[in-house]
Amino acid sequence: MFLKLIGSALIIITSGFLGLFLSKECGRRPRELRELQNLLQMFENEISFLSNTIADAFNKLSDYSTSSTRNFFKQTSLNLIKGKCCSAAEAWEAAVKENFEKTSLNKEDKEVLISFGKILGASDIEGQIKNIRLTCTQLKMQEEKAEENKKKNEGMYRNLGLLGGLALVIIIV
Amino acid sequence: MGIDLIFRIAAIGILVSVLNAVLNKSGREEQAMMTTLAGLIVVLLMIVKEIAGLFDTVKTIFNF
């Protein structure tokens, strides 16, 4: 009897935590999109006011931020410095493909980032700034969609986790 | 038979209605429908044994 109680409590706690974890995952995406936009703004400032090279600017950027999106920039600057890829676009694309799993970004976000990379290093400063602004606008749209998504799903996943655990306990025990 | 079964079915019923409300409110109506159906199926599975017993009893009472 006692063992049953402990077992069912364990199941409910586990599924409750699962629900909480899933709901937190949902909340991470808008935040990461916002941080990505901040980093891109800082990058724009770097190249328009300081005229740094891409590798240097990315290196500086990745030291400033603490989110998981900075890995894109860090990896790109590493790729450029080590000379593995010929152009900035390839370095950026390789960095995005490698580090994408660790963030909670979407497929659409990945497309936006890859299209950003195609114009990277391929035009003068004005072109770069326009490219950055375009990417920021697209990211902002994604962020609004993600915010909506989050509002809908966050509470739902939490409740679902708990109730699902309860249902399992009632049916099985 | 036992009162245990009745309590279980009642608990499942309450849970399914709460799940239904939660899913409906967050807009996922098809999934709400699915969980209702799933709850129904689970309860039916629990009861099917008792119904078989009922038919057996009816058969023995009327000597079929």
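Residues numbered from 1 in each chain as written. Chains lettered and ligands numbered in written order. Predicted model: local features only at pLDDT ≥ 70, side-chain atom pairs only at ≥ 80, totals over all residues.

The number of helices and strands found in chain B is two helices and zero strands. Scored against the burial criterion, the 64 residues of chain B give a buried share of 8%. (Helix = DSSP H or I, 4+ residues; strand = E, 2+ residues; numbered from the N terminus. Buried ≥ 20, exposed ≤ 12 C-beta atoms within 10 Å, placed from the backbone.)

The next point concerns the overall build of chain A. Scanning chain A for helices and strands turns up six helices and zero strands. Secondary structure of chain A in N-to-C order comes out as α-α-α-α-α-α. A fraction of 72% describes how many contacts in chain A between residues 6 or more apart in sequence connect residues 24 or more apart. (Contact = placed C-beta atoms within 7 Å.)

All names here are of chain B. Under the UniProt annotation, "transmembrane region" (unreviewed entry) lies at residues 6-23 and 35-55. Annotated as residues 6-23, this span is 100% helix and 0% strand, and its ends, taken at the C-alpha atoms, are 26 Å apart. Summarising residues 35-55: 100% helix, 0% strand, and an end-to-end C-alpha distance of 30 Å. (UniProt positions renumbered as here; feature names shortened; annotations may be inferred.)

Residues Leu39, Phe43, Leu61, Ala88 and Trp92 of chain A are the most contacted members of the largest nonpolar core, which totals 24 residues. Those elements that provide at least two residues to this core are α1 (2-50), α2 (54-64), α3 (70-82), α4 (88-99), α5 (107-119) and α6 (125-172) of chain A. Excluding residues that lie within four positions of it along the chain, tryptophan 92 of chain A makes contacts with Thr76, Gly117 and Leu120 of chain A. Of all hydrophobic cores here, the second largest spans ten residues; its members include Tyr157, Leu163 and Ala167 of chain A together with Leu19 of chain B. (Core = buried A, V, L, I, M, F, W, Y, C linked by C-beta atoms within 7 Å.)

Moving on, we get to α1 of chain A. Here α1 of chain A is 49 residues long and its end C-alpha atoms lie 69 Å apart, about the 72 Å a rise of 1.5 Å per residue gives. Here the buried face of α1 of chain A lies against α2, α3, α5 and α6 of chain A. (Expected span 1.5 Å × (residues − 1).)

A word on the confidence of the model for chain B. Summary statistics for chain B give a mean pLDDT of 89 and a share of 98% for residues scoring 70 or more. Two numbers describe this predicted complex: its pTM, 0.70, and its ipTM, 0.71. (pLDDT = per-residue confidence, 0-100.)

Across the contact, ten residues belong to chain B and nine residues belong to chain A. Here the side of chain B that touches chain A gets seven residues from one element, more than from any other, and that element is helix α1 (residues 3-25) of chain B. Split by residue class, the side of chain B that touches chain A holds seven nonpolar, two polar and one charged. (Nonpolar A, V, L, I, M, F, W, Y, C, P; charged D, E, K, R; others polar.)

Our next topic: the packing of α2 of chain A against α3 of chain A. Residue and element names in this part refer to chain A. Following both chains from N to C, one finds α2 and α3 inclined at 145°, their axes separated by 8 Å at the closest point. Classified by chirality, the crossing of α3 by α2 is left-handed. When α2 is examined against α3, the residues Ile54, Ala55, Phe58, Asn59, Leu61 and Ser62 are found in contact with a partner set consisting of Arg70, Phe73, Lys74, Thr76, Ser77, Leu80 and Ile81. (Axes fitted to C-alpha atoms, helices over the stretch in contact; angles between N-to-C directions. Left-handed = near helix turned anticlockwise from the far one by under 90°.)

Moving on, we come to α4 of chain A. Residues and elements named next belong to chain A. Over its twelve residues, α4 extends 16 Å from the first C-alpha to the last, a length consistent with the 16 Å expected when each residue adds 1.5 Å. Considered for burial, the residues of α4 that qualify are Ala88, Ala91, Trp92, Glu93, Ala95 and Val96. Those residues of α4 that are buried lie in contact with α2, α3 and α5.

A word on the environment of isoleucine 12 of chain A. Residue and element names in this part refer to chain A. Among the structural elements, isoleucine 12 can be located in helix α1. As for isoleucine 12 and leucine 166, which are separated by 154 residues in sequence, their C-alpha atoms are 5.9 Å apart. Once you skip the residues sitting within four places of it in the chain, isoleucine 12 turns out to touch Gly165, Leu166 and Val169.

The next subject is the packing of α1 of chain A against α2 of chain A. Residue and element names in this part refer to chain A. It is the contact of α1 with α2, at a shortest axis distance of 10 Å, that shows an interaxial angle of 140°. By the criterion of interaxial angle, the relationship of α1 to α2 is oblique. In this structure, the crossing between α1 and α2 has a hand that is right-handed. Residues Leu39, Met42, Phe43, Glu46 and Ile47 of α1 form the contact with α2, whose own contacting residues are Ala57, Lys60, Leu61 and Tyr64. Each residue belonging to the contact of α1 with α2 can be placed in one class, and the counts come to seven nonpolar, no polar and two charged. (Parallel < 35°, antiparallel > 145°, perpendicular 65-115°, else oblique.)

Looking now at the environment of leucine 40 of chain A. All names here are of chain A. Among the secondary structure elements, leucine 40 is positioned in helix α1. Sequence separation between leucine 40 and phenylalanine 58 is 18 residues; the distance between their C-alpha atoms is 9.8 Å. In this structure leucine 40 touches Ile132, Thr135 and Cys136, once residues within four positions along its chain are discounted.

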